[in-house]
Amino acid sequence: MEKILTGIKPTGKLTLGNYIGVLKNIRALQDRGECYLFIADLHALTLPIDPEELRQNSIDIAAFYLASGLDPKKATLFLQSSVSAHAEANAIFQNYLYMGELSRMTQFKDKSAKMKESAIGLGLFAYPVLMAGDIVLYDADIVPVGEDQKQHVELTRDLVNRFNNRYGEVLKMPKPEMNKVGRRIMSLSDPTVKMSKSDPKGDIFLKDDIKVIRKKIMSAVTDLGSEVKYDPENKPGISNLLTIYAAMKDVSIEEAEKHFEGKRYGEFKGEVADAVIEVIEPLQQRYQQIIDSKSYLEVLKEGAQRASQLANKTLKRIKKAVGLLQIDE
Ligand code: TYM
């Protein structure tokens, strides 16, 4: 059975981009393979974050994973920080990824460009090292991600090649996997930039009031002309809304385009809002029940145990390969 792994970082509020990029696929993924889904809380420390906010965001992500259909009998849900193998793998792999390649990562360039050099933490620079460890510890075959994380998974593939060339077939080669529709949901106020947790303008948050969601969609930036057509270059706003509609309705872009043939922008936006609300409203209700019952706690505890078992096994293999003396064998 193939192994599938992905993570979400508990910074900021979850967006519709996170839902379409990953959460929406959870039901299908857990039926397809052995799934490891986690909350990348160590990654959240790579930028300054208030401790209480980090705790709350972590709970929220656990609850949204479950509300999206994660079944703890089929998939393993855990906190990255409760499986110490991640930190240990990080300490080893930091020696096999290089400054040059890390400094070329788009995410690092974007994030560090807004900061003073004296305030850029080592963890932000070495972010992909920790992430590579996350992936290889579970022998992941498939890593479902949005487009923005693809580069990090590609770097993990480079690490696996480098490591295996030197030590033999120790690490499993992972493959990034992206949606056909909705690998990069854009901001509603500026459809040339990604919808992201750290950029609240024009984003739909999964916890937004339903009325707010409708309002945000109705006032989304559109493009010149009046035709509802998929043309990301010339019509980025309309194309983004079409993508959101197609993802929510589980139809192709062509089918969505066809559905809106001859319709005006206003009517189009109204239907996009309906489609989003149809999915998000019940998601919010399930989320609230999970928060109230605190059912995520037991799931995270069990998940940490299951995840640790596999991660520790792989870690042992890695330690042995590089020559760390094994005294408990
Ligand atoms: P994060 O928390 O930024 O995002 C979680 C997932 O959502 C996807 N995503 C999007 N997809 C489509 N459109 C968007 N606008 C959009 N915004 C976000 C992301 O691509 C991601 O798949 N580094 C990761 C967390 C991580 C991880 C891992 C992922 C840590 N270790 C190992 C996979 C494997 C991150 O910050 O994702």
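Residues numbered from 1 in each chain as written. Predicted model: local features only at pLDDT ≥ 70, side-chain atom pairs only at ≥ 80, totals over all residues. Heavy atoms only, no water.

1. A word on the packing of helix 5 (residues 85-93) against helix 9 (residues 127-136)
Across the interface, helix 5 lies against helix 9 with an axial gap of 8 Å and an inter-helix angle of 120 degrees. The angle between helix 5 and helix 9 falls in the class oblique. For the element pair helix 5 and helix 9, the recorded crossing hand is right-handed. Contact residues: His-86, Ala-89, Asn-90 and Phe-93 in helix 5; Val-129, Leu-130, Gly-133, Asp-134 and Val-136 in helix 9. (Axes fitted to C-alpha atoms, helices over the stretch in contact; angles between N-to-C directions. Helix = DSSP H or I, 4+ residues; strand = E, 2+ residues; numbered from the N terminus. Parallel < 35°, antiparallel > 145°, perpendicular 65-115°, else oblique. Left-handed = near helix turned anticlockwise from the far one by under 90°. Contact = heavy atoms within 4.5 Å.)

2. Digging into the nonpolar core
One finds Leu-16, Leu-23, Tyr-65, Leu-77, Ile-217, Ile-244 and Val-276 to be the most contacted residues of the largest nonpolar core, which totals 59 residues. For this core, the leading source of residues is helix 14 (residues 265-293), giving eleven residues. Non-local contacts of Leu-77, meaning those with residues more than four positions away in its chain, are made with Leu-37, Ala-62, Tyr-65, Leu-66, Leu-70, Val-299, Leu-300, Gly-303 and Ala-304. With 40 residues, the next largest nonpolar core counts Leu-124, Ala-132, Val-170 and Leu-315 among its residues. (Core = buried A, V, L, I, M, F, W, Y, C linked by side-chain atoms within 4.5 Å. Buried < 20%, exposed > 50% of the residue type's maximum accessible area, 1.4 Å probe, protein only.)

3. A look at the side chain of His-152
With respect to the helices, strands and loops of the structure, His-152 is situated in helix 10 (residues 150-167). In terms of polar contacts, His-152 uses its side chain to reach the side chain of Gln-149, at 2.9 Å. Setting aside chain neighbours within four positions, we find His-152 in contact with Met-105, Gln-107, Tyr-127, Pro-128 and Met-131. (Polar contact = N/O pair within 3.5 Å; in protein donor to acceptor, adjacent residues only side chain to side chain.)

4. Some words on helix 12 (residues 236-249)
Its 14 residues give helix 12 an end-to-end C-alpha distance of 20 Å, which sits within 8% of 20 Å, the value for a rise of 1.5 Å per residue. With respect to burial, helix 12 is a largely interior element, twelve of its 14 residues being buried. Regarding helix 12, the residues found buried are Gly-237, Ile-238, Ser-239, Asn-240, Leu-241, Leu-242, Thr-243, Ile-244, Tyr-245, Ala-246, Ala-247 and Met-248. Of the residues trailing helix 12, Asp-250 is marked for its positive phi of about 55 degrees. (Expected span 1.5 Å × (residues − 1).)

5. Some details on the domain arrangement of the chain
Entries for the chain in the domain assignment read domain 1 (3-182 + 295-322) and domain 2 (210-290). Across the contact, 15 residues belong to domain 1 and 15 residues belong to domain 2. Roughly 1,300 Å² is buried in total at the junction of domain 1 and domain 2, and carbon and sulfur atoms are behind 77% of that figure. By the criterion of area lost to domain 2, the three top residues of domain 1 are Leu-16, Ala-67 and Val-181, representing 37% of everything that side buries. Along the contact surface separating domain 1 from domain 2 lie one salt bridge. Residue Lys-24 is joined to Asp-250 by a salt bridge in which the shortest nitrogen-to-oxygen separation is 3.2 Å. Applying the counting rule to domain 1 against domain 2 returns three residue pairs in polar contact (both at pLDDT 80 or more). Put simply, the parts of the chain that give the side of domain 1 that touches domain 2 at least two residues each are helix 1 (16-21) and helix 4 (51-67). The dominant element in the side of domain 1 that touches domain 2, judged by the number of residues it contributes, is helix 4, at five residues. Among the residues making up the side of domain 1 that touches domain 2, the classes are represented as nine nonpolar, three polar and three charged. (Domains from an automatic or database assignment. Buried area = accessible area lost by both parts, 1.4 Å probe. Salt bridge = Lys/Arg side-chain N within 4 Å of Asp/Glu carboxyl O. Nonpolar A, V, L, I, M, F, W, Y, C, P; charged D, E, K, R; others polar.)

6. Observations regarding the side chain of Lys-9
Within the secondary structure, Lys-9 sits in the loop between strand 1 (3-8) and helix 1. Comment: no salt bridge for buried Lys-9; closest opposite-charge side chain is Asp-148, at 7.4 Å. (Lys, Arg positive; Asp, Glu negative; His and termini not counted.)

7. Focus on the packing of aromatic side chains
Summed over all chains, the structure comprises eleven aromatic pairs. Each member of the aromatic cluster is reached from another via a ring pair, and the members are Tyr-36, Phe-38, Phe-78 and Tyr-138. Sitting over the ring of Phe-205, Lys-13 keeps its end group 4.4 Å from the ring centre. (Phe/Tyr/Trp six-rings, centres within 6.5 Å; stacked < 30°, edge-to-face > 60°. Lys NZ or Arg CZ within 6 Å of the ring centre and 35° of its normal.)

8. Concerning the site of the ligand
Around the ligand sit 28 residues, and of these Tyr-127, Asp-134, Asp-148, Ile-185 and Lys-197 come closest. For the ligand, an oxygen atom lies 2.8 Å from a polar atom in the backbone of Lys-9. In this structure, Ile-185 approaches the ligand through a main-chain N or O atom, which is 2.8 Å from a nitrogen atom. Every element with two or more residues in the shell around the ligand is listed here: strand 1, helix 1 and helix 9. (Near = heavy atom within 4 Å.)

9. Comments concerning unusual backbone geometry
Backbone geometry places Asp-139, a non-glycine residue, at a positive phi of 50 degrees. Relative to the assigned elements, Asp-139 resides in the loop between helix 9 and strand 4 (142-144). Accessibility expressed as a relative area gives 12% for Asp-139, which makes it buried. Phi at Asp-250 takes a positive value of approximately 55 degrees, unusual for a residue other than glycine. By secondary structure assignment, the location of Asp-250 is in the loop between helix 12 and helix 13 (253-259). On the accessibility criterion, Asp-250 (62% relative accessible area) is exposed.

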